Amino acid sequence: MEHGRTAASRRLNGAEAIVIIVVIGLTAALVVAGRVPVPDVLLLLAGAGLIAGCTIAVSTRFSLRAARTVLRAAINAA
């Protein structure tokens, strides 16, 4: 590992960047063309993010302490 870098500080690969671009594009399309209210779109994104986060946590065997920290942050943000 390089000096001054942590395991979490890495660049996105191409597939990850494409997924982010597609999600942002679909979100914008829902708001503009679909005339979906912004709060509804944000709730949809938050739900999708929570599902993705839980899936990653289960697949990488996140510790219970880390899961509690994430849940606490999500509850405080809402």
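This structure is a prediction, so every number in the text was calculated from the model and none was measured.

Draft legend 1. The overall build of the protein, seen in detail. Summing up its helical and strand segments, the protein has three helices and zero strands in all. Reading the secondary structure of the protein in the N-to-C direction produces α-α-α. Residues classed as buried in the protein amount to 4% of the 78 residues present. Of the roughly 6800 Å² that the protein leaves accessible, carbon and sulfur atoms contribute 71%.

Draft legend 2. Quick peek at the confidence of the model for the protein. Residue-level pLDDT values for the protein average 80, and 87% of them are 70 or greater. Of all helices and strands in the protein, the one with the weakest mean pLDDT is helix α3 (residues 64-77) (81), whereas helix α1 (residues 14-32) scores best (87).

Draft legend 3. Looking closely at the side chain of T27. Relative to the helices and strands, T27 resides in helix α1. If we skip the residues at most four places from it in the chain, T27 touches V41 and L45.

Draft legend 4. Molecular detail of helix α2 (residues 38-59). Between the first and last C-alpha of α2 there are 31 Å, a value that for 22 residues agrees with the 32 Å anticipated at 1.5 Å per step. Just beyond α2, the residue with positive phi is R61, at close to 55 degrees.

Draft legend 5. Quick look at a nonpolar patch on the surface. Judged by side-chain polarity, V19, V23, V38, L42 and L45 come together as a nonpolar surface patch covering roughly 400 Å² of accessible area. Those elements that provide at least two residues to the nonpolar patch are α1 and α2. Looking at the nonpolar patch element by element, the count peaks at three residues for α2. For V23, a relative accessible area of 37% puts it in the partly exposed group.

Draft legend 6. Fine view of unusual backbone geometry. With a phi angle near 55 degrees, R35 is a residue other than glycine that sits in the positive phi range. Among the secondary structure elements, R35 is positioned in the loop between α1 and α2. Given the relative accessible area of 71%, R35 is considered exposed.

Draft legend 7. Highlighting the environment of E16. Within the element layout of this structure, E16 appears in helix α1. Apart from residues lying up to four places away in sequence, E16 is in contact with R10 and R11.

Draft legend 8. Just α1, in detail. For α1, built from 19 residues, the straight-helix expectation of 27 Å at 1.5 Å per residue is met to within 8% by its first-to-last C-alpha distance of 27 Å. Its side-chain oxygen 3.1 Å from the backbone nitrogen of A15, N13 forms the N-cap of α1.

Basis of the calculations
Residues numbered from 1 in each chain as written. Predicted model: local features only at pLDDT ≥ 70, side-chain atom pairs only at ≥ 80, totals over all residues. Heavy atoms only, no water. Helix = DSSP H or I, 4+ residues; strand = E, 2+ residues; numbered from the N terminus. Buried < 20%, exposed > 50% of the residue type's maximum accessible area, 1.4 Å probe, protein only. Areas by Shrake-Rupley, 256 points an atom, 1.4 Å probe, with all protein chains shown as cover. pLDDT = per-residue confidence, 0-100. Contact = heavy atoms within 4.5 Å. Expected span 1.5 Å × (residues − 1). Patch = residues over 30% accessible without salt bridge, like charges linked within 9 Å, V, L, I, M, F, W, Y side chains within 5 Å. Salt bridge = Lys/Arg side-chain N within 4 Å of Asp/Glu carboxyl O. Polar contact = N/O pair within 3.5 Å; in protein donor to acceptor, adjacent residues only side chain to side chain.

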